[in-house]
Amino acid sequence: MPSEQQLSDVLSEFARTLVTDFPIQGILDRLVQRIVDVLPITAAGVTLIAPGLSPRYLAASNNAAFRFEQLQTELGQGPCVEAYLTGEAVAIPDLRSDARFPEFSRRAVQEGLAAVFTFPLRNGRMQLGALDIYRDEPGPLTARTLAAAQTLADVAAAYLLNAQARADLQASSDRSRETSLHDPLTGLPNRVLLLERLGQALLRGGRTGHLTAVLFADLDQFKAVNDMYGHSVGDELLIAVASRVTRQLRPTDSVARLSGDEFVILCEDLVAASDAEVIAARVGEAIARPFKLSVGQVEATVSIGMALSDREDDLPEDLLHSADSAMYQAKRKGGAGHQVVDLAEQRLVDERVSLRHDLRRACKEGQLRTVYQPIVRTADGRITGVEALVRWDHPLRGPVPPSTLIPLAEQSGIITEIGQWVLERACLDRHRWAHHVPDDFEMAVNVSAYQLMSPGFAETVANVLRGTGTDAGVLTLEVTESVFIQDSERAMVVFGELKLLGVKLALDDFGTGYCALSYLRQFPVDIVKIDQGFVATLGADASSAAIVAAVVELAHLLGLSVVAEGIETVAQHDQVAALHCDSSQGYYFARPMAADAMDELMSAGAGGVNPRLPVPAETA
Ligand code: C2E
Ligand code: MG
Ligand code: MG
């Protein structure tokens, strides 16, 4: 007789399997083993029966029990079948005297079986099958044992139902996943499946180095078709478009319908962007041919946007989004066309965004520094001043050149902060060199147009000069011609304020913009810096020499001094000297150098004499 403890152990063991995803067969196998452990019996077996089917599952504690289960199934006769049909337990304490299942009893006795007790596995009024317990000695079981066996059978039934429900759920979710991945109208994959496939394609592309293209196609004027002919004709058109697009594709390409009249074509394994353009053009032409619908001929065109990727770390959603934006560009251009988005370009855009973000911290976290490039008197090669140039050492990317940094800083407005920092730094360094250099040793600082025009700029300059103890007369602010183009009236006002402070103004990169020589007359600048582009072509281009000569002549007439930028060779140096450029700057004399290196150079020229640079090496 089972102890209460044994029974409750078995029950709690089953209870645990309820929350696992134990398979049905596993539950049955376990059940029969445990029943033999706790009840005074020799074997146990279970047969699960589904209406109209041969038994779905069989389990037995040993070979003999297995044989008895099979026997009942083969004969269609026995206590198991009876219990299944009636829902009542069947007790055969002595098979030799049983008349109910003569054939089964005869053969079972032959095989050594003495008694069998069977309990239905019930689910409400329905039966799932039956549990047989077998004994090799005849005789009845106690009421407690019978009750325990029925309890075990009931608990097993509950768990079997649960397992069955899980299996059914899985099957139906497999089916509904299939339908949830396709567009019901056209049968094409939908967005979910597209993104899944795109993700896989990007991974493969990343490995093979081939391109993955997303072509976002949107019908032009689809709404008009719906409005004119009704939605069912609109649907006809969408179905026809789906099949036409499909026919244009290679077997490895696929097309999905996202919503409304949006179709997305996914092409893998492309070698060049032009491959995608060919497909886009083919699809565009195919759609442009009239469609024969129930209302007659209907015409359509399509706008296609494309995005390409060769990187496995591109996100499917991003690629789809790029193609979508490209499609809108195509629409804006009048539709019926296609448009490529170059992801490399896209990446640059993203990079600029992240750099801009980093730039905000750069200033505060000391990632900026200044370097100084000497400016020399052309006549004797003595250093008359330096130009401060900003440097950004990005913690991850390394040095970011000013040509990237300055436009970024201007776009985000942080240029005023950076500009002020450079100005202060430069003035502090100039102050440090004060003992080693003549009093008129010049410090030139670049000022961007945005910074110059920002409110209170002149005041800021005044504050910095005062704060660093710098004489206004040694500071030159370099501005480019762009300040005149932006807002020449305002520029004029600021120039006036700066002149009042006593700082000098230099017109940087002269000759690269639209700057007319007349500006030199109009604006109170002191120095003209001739752009290095002119200097570079001095030997080769006669007009360069003529222009430089004209600029120098006019500048001198107006009392301005001229600096030639970008001197790299001795020949260029000789030429600008012959053209009477007052000062020169360039790699030929010195590259921009760190403040420390400048310190050394400055102290070498101690005593108020302009230091001379070491004899330059020929770099032609
Ligand atoms: P810029 O004011 O015309 O400065 C001269 C640029 O030419 C510097 O480039 C300098 O390194 C480079 N250079 C000097 N000599 C030679 C030469 O012989 N050959 C060649 N190929 N290049 C030479 P950098 O430092 O990259 O600066 C580029 C531009 O960025 C500057 O042109 C200036 O417009 C701007 N910039 C630099 N620092 C600042 C700053 O603190 N504030 C602002 N607003 N702009 C700055
Ligand atoms: Mg400059
Ligand atoms: Mg310049």
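See above for the structure.
Everything numeric in this text was worked out from a predicted model, so none of it was measured.

Draft legend 1. Highlighting the overall build of the protein. Tallying secondary structure elements over the protein gives 22 helices and 22 strands in all. Taking 2.2 N^0.38 as the reference for a compact globule, 620 residues should give roughly 25 Å; the C-alpha atoms of the protein span a radius of gyration of 45 Å, well beyond that estimate. Structurally, the protein occupies a C-alpha span of about 140 × 70 × 45 Å along its principal axes. Looking at the protein as a whole, 47% of its 620 residues are labelled buried. Residue pairs in contact within the protein that sit at least 24 positions apart in sequence constitute 66% of those at least 6 positions apart. Approximately 29,200 Å² of the protein is accessible, and the part contributed by carbon and sulfur atoms is 54%. Across the protein, the centroid of the 54 positively charged side chains sits 5 Å from that of the 81 negatively charged ones.

Draft legend 2. Structural context of the site of ligand 1. The local shell around ligand 1 holds 22 residues, among which E387, N446, D508, E568 and Y587 are the closest. Separating a nitrogen atom of ligand 1 from a side-chain N or O atom of E568 is a distance of 2.5 Å. Protein contacts shield 82% of the accessible area of ligand 1, which totals 790 Å² for the unbound molecule. The cavity where ligand 1 resides is the largest pocket. Residues belonging to the shell around ligand 1 are distributed by class as follows: nine nonpolar, six polar and seven charged.

Draft legend 3. Region of the structure containing the nonpolar core. Counting residues in each nonpolar core, the largest one holds 79 residues, and the members touching the most others are L452, L477 and L498. When residues in this core are grouped by element, the largest group, seven residues, is from helix α14 (residues 415–433). Once residues within four sequence positions are removed from consideration, L477 is found in contact with L423, V445, V447, F457, V461, L498, V503, K504, L505 and A506.

Draft legend 4. Local environment of the environment of L266. Its location among the elements puts L266 in strand β8 (residues 262–270). Considered as a pair, L266 and L169 are 97 residues apart in the sequence and their alpha carbons are 32 Å apart. The residues touching L266, leaving out its near neighbours within four places in the chain, are L194, R197, L198, A201, T212, A213, D253 and S254.

Draft legend 5. Summary view of the packing of aromatic side chains. One pass over the full model with this rule turns up four aromatic pairs. Consider the rings of F68 and Y134, whose centres lie 5.2 Å apart with planes at 50°: the pair is tilted. Remark: Y134 occurs in strand β5 (residues 126–135) and F68 occurs in helix α3 (residues 63–75); sequence separation between them is 66 residues. Ring plane angle 75° and centroid distance 5.0 Å describe the contact between Y588 and F589, whose orientation is recorded as edge-to-face. Its relative accessible area of 13% is what places F589 among the buried residues. Positioned above the aromatic ring of F291, the side-chain terminus of R244 is 3.7 Å from the ring centre.

Draft legend 6. Spatial organisation of the layout of surface pockets. Taken as a whole, the largest pocket spans an internal volume of roughly 920 Å³. Every residue lining the largest pocket is counted, 37 residues in all, and those nearest its centre are E387, L389, P402, N446 and D508. Sorting the residues of the lining of the largest pocket by element identifies β14 (383–394), α13 (402–412), α14, α15 (449–453), β17 (475–480), α17 (482–501) and β18 (504–510) as the ones contributing at least two each. Tallied by class, residues from the lining of the largest pocket come to 14 nonpolar, 13 polar and 10 charged.

Draft legend 7. Local environment of the coordination of the magnesium ion (ligand 2). For the magnesium ion (ligand 2), the protein coordination sphere consists of E387 (OE), N446 (OD1), E478 (OE) and D508 (OD), at 2.0 to 2.2 Å. Every donor residue of the magnesium ion (ligand 2) comes from the same chain, spaced as E-x58-N-x31-E-x29-D. Here the magnesium ion (ligand 3) and the magnesium ion (ligand 2) are spaced 4.1 Å from one another, each receiving a donor from D508. Placement of N446 in strand β16 (residues 442–446) and of E478 in strand β17 is noted, with a sequence separation of 32 residues between them. Note on E478: relative accessible area 2%, which makes it buried.

Rules of the game
Residues numbered from 1 in each chain as written. Chains lettered and ligands numbered in written order. Predicted model: local features only at pLDDT ≥ 70, side-chain atom pairs only at ≥ 80, totals over all residues. Heavy atoms only, no water. Helix = DSSP H or I, 4+ residues; strand = E, 2+ residues; numbered from the N terminus. Rg over C-alpha atoms; globule rule 2.2 N^0.38 Å. Buried < 20%, exposed > 50% of the residue type's maximum accessible area, 1.4 Å probe, protein only. Contact = heavy atoms within 4.5 Å. Areas by Shrake-Rupley, 256 points an atom, 1.4 Å probe, with all protein chains shown as cover. Lys, Arg positive; Asp, Glu negative; His and termini not counted. Charge placed at Lys NZ, Arg CZ, Asp CG, Glu CD. Near = heavy atom within 4 Å. Polar contact = N/O pair within 3.5 Å; in protein donor to acceptor, adjacent residues only side chain to side chain. 1 Å grid on protein atoms, 1.4 Å probe; cavity = no way out; pocket = protein on both sides within 12 Å on 5 of 7 lines; lining within 4 Å. Sits in = over half its atoms within 2 Å of the grid points. Nonpolar A, V, L, I, M, F, W, Y, C, P; charged D, E, K, R; others polar. Core = buried A, V, L, I, M, F, W, Y, C linked by side-chain atoms within 4.5 Å. Phe/Tyr/Trp six-rings, centres within 6.5 Å; stacked < 30°, edge-to-face > 60°. Lys NZ or Arg CZ within 6 Å of the ring centre and 35° of its normal. Points joined across faces, edges and corners; volume = space filled by probe spheres on them. Donors = N, O, S within 2.8 Å, 3.2 Å for Na, K, Ca; no water.

Honestly, that's just the spatial picture; any functional story needs more than this.
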